[in-house]
Every structure is written in structure tokens, then in C-alpha cells.
Amino acid sequence: MEFTPSALNTFLFFKLPSAFWCGVRVKHLSDTSCTAKVKYRWFNQNPFNSMYFAVQAMAAELTTGALVMLHIKKSGRKISMLVANNKGNFSKKAKGRITFICNDGHQIEEAINRAIATGEGQTFWMNSIGKDEAGDQVSHMEFEWSIKVK
């Protein structure tokens, strides 16, 4: 798979349809960062007139997971990946268009190199911050990724 925002959004449609139908879309991807956006609407609402927490978690996880997938592909090795743990903090109602950004891509290459060198699984934490259109933080999600060379 080619790693562009468009290709990742097509991947969502086929492999993560719940995220696709909730409106999660990748907007930017580089070696160090990934940005995804999702707009609050009827389909992804909660009873409190804001975006359902799980929709925010899907968008946040995508920003971290896309970076892991990109670095695994660049390594040329068969490496499995799995979310081992996650934490979330929701500080404000998520309304309007929410942008999630992960800038932790620099951690992945090091973990992949350790996994290849040792043959042992590696874990690392990545952060994704969700902000509304005014630039206010609405959520902070952390994901512990586990990788292992097959």
C-alpha cells in the first residue's frame, strides 16, 4: 500500500469502516507526524451534544497507527503491530471539526531497529492531541504500541 492520506482513507473504507463512516479522515502524513480530522455530526454524537469519545479515540489511534504502519513498510521487514494499552483525557466538549495530531514518529524507527536487532518485541507510547477549530484542546490520547518481528 502506498502511504498517502488518500490511500489511508481508502484503507479506512475497506479495513476500518466504522472510522470511515464516522467521518475520520487522514489529512497529512510524514515520517514524524500524522494529522486526522473528524467533524461532529449526528452520526458520531453522544447524548451530551458532543462527539462520542470512541470516535475521538478512533481518530487519535489512526494518527499513531498510520505512523507505525509507515515505518514498518519503510523497514522492509514483516513486523506485527498491536495496541497494547491506551489512556484518554477529555477536557472539553468536542464540537465542530476536531483535528488530531501525533508528532511521535521519531520513536518508531528506533523501536523497529531494536526489535530487529534483538528479535524481541518492543513497546512504546505515542500521543495524539485533539483540538477544536478555536485551537482549544478537547482530548489527549496515549497509545502503547507493541511491535514484533515475524
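Further remarks concern the sheet that holds strand E3 (residues 79-90). Note on sheets: strands pair through backbone hydrogen bonds, and any given pair is parallel or antiparallel. What the six strands build is an open sheet, ordered E1-E2-E4-E5-E6-E3; its pairing is antiparallel. Since the sheet does not close on itself, it has two edges, and those belong to strand E1 (25-29) and E3, each with one partner. Neighbour-to-neighbour, the strand axes of this sheet turn through a mean angle of 25°, independent of strand direction. Pairing between strand E4 (residues 97-102) and strand E5 (residues 122-131): three bridges, direction antiparallel. Of the residues in E5, the one forming a bridge with Thr99 is Lys131.

Next up on the list: the packing of aromatic side chains. For the structure on display, the rule yields seven aromatic pairs. Counting every residue linked through ring pairs, the aromatic cluster contains Phe13, Phe14, Phe20 and Trp21. Sitting over the face of the ring of Phe20, Arg25 holds its NZ or CZ atom 3.9 Å from the ring centroid. Taking NZ or CZ as reference, Lys87 lies 4.7 Å from the ring centre of Trp125, over its face.

Helix-helix packing is described using two parameters, namely the angle between the two axes and the distance between the axes. For the pair helix H3 (residues 53-75) and helix H4 (residues 106-118), the least separation of the axes is 9 Å and the interaxial angle reads 45°. Classified by the interaxial angle, the pair formed by H3 and H4 is oblique. The chirality of how H3 crosses H4 is right-handed. Contacts between H3 and H4 involve Leu67, Val68, His71, Ile72 and Ser75 on the former and, on the latter, Ile108, Glu109 and Ile112.

Oppositely charged side chains are able to pair whenever their charged atoms sit close together. One pass over the full model with this rule turns up four salt bridges. With a closest N to O distance of 2.7 Å, Asp31 and Lys74 form a salt bridge. Of this pair, Asp31 sits in the loop between E1 and strand E2 (34-39) while Lys74 is found in helix H3, placing the two residues 43 residues apart along the sequence. Judged by relative accessible area, which is 52%, Lys74 ranks as exposed. The salt bridge partner of Arg114 is Glu110, with a shortest N-O separation of 2.9 Å. Pair noted here: Arg114 and Glu110 are both in helix H4, with a separation of four residues, about one helical turn.

What counts and how
- Residues numbered from 1 in each chain as written.
- Predicted model: local features only at pLDDT ≥ 70, side-chain atom pairs only at ≥ 80, totals over all residues.
- Heavy atoms only, no water.
- Pairing = 2+ DSSP bridges.
- Helix = DSSP H or I, 4+ residues; strand = E, 2+ residues; numbered from the N terminus.
- Axes fitted to C-alpha atoms, helices over the stretch in contact; angles between N-to-C directions.
- Phe/Tyr/Trp six-rings, centres within 6.5 Å; stacked < 30°, edge-to-face > 60°.
- Lys NZ or Arg CZ within 6 Å of the ring centre and 35° of its normal.
- Parallel < 35°, antiparallel > 145°, perpendicular 65-115°, else oblique.
- Left-handed = near helix turned anticlockwise from the far one by under 90°.
- Contact = heavy atoms within 4.5 Å.
- Salt bridge = Lys/Arg side-chain N within 4 Å of Asp/Glu carboxyl O.
- Buried < 20%, exposed > 50% of the residue type's maximum accessible area, 1.4 Å probe, protein only.

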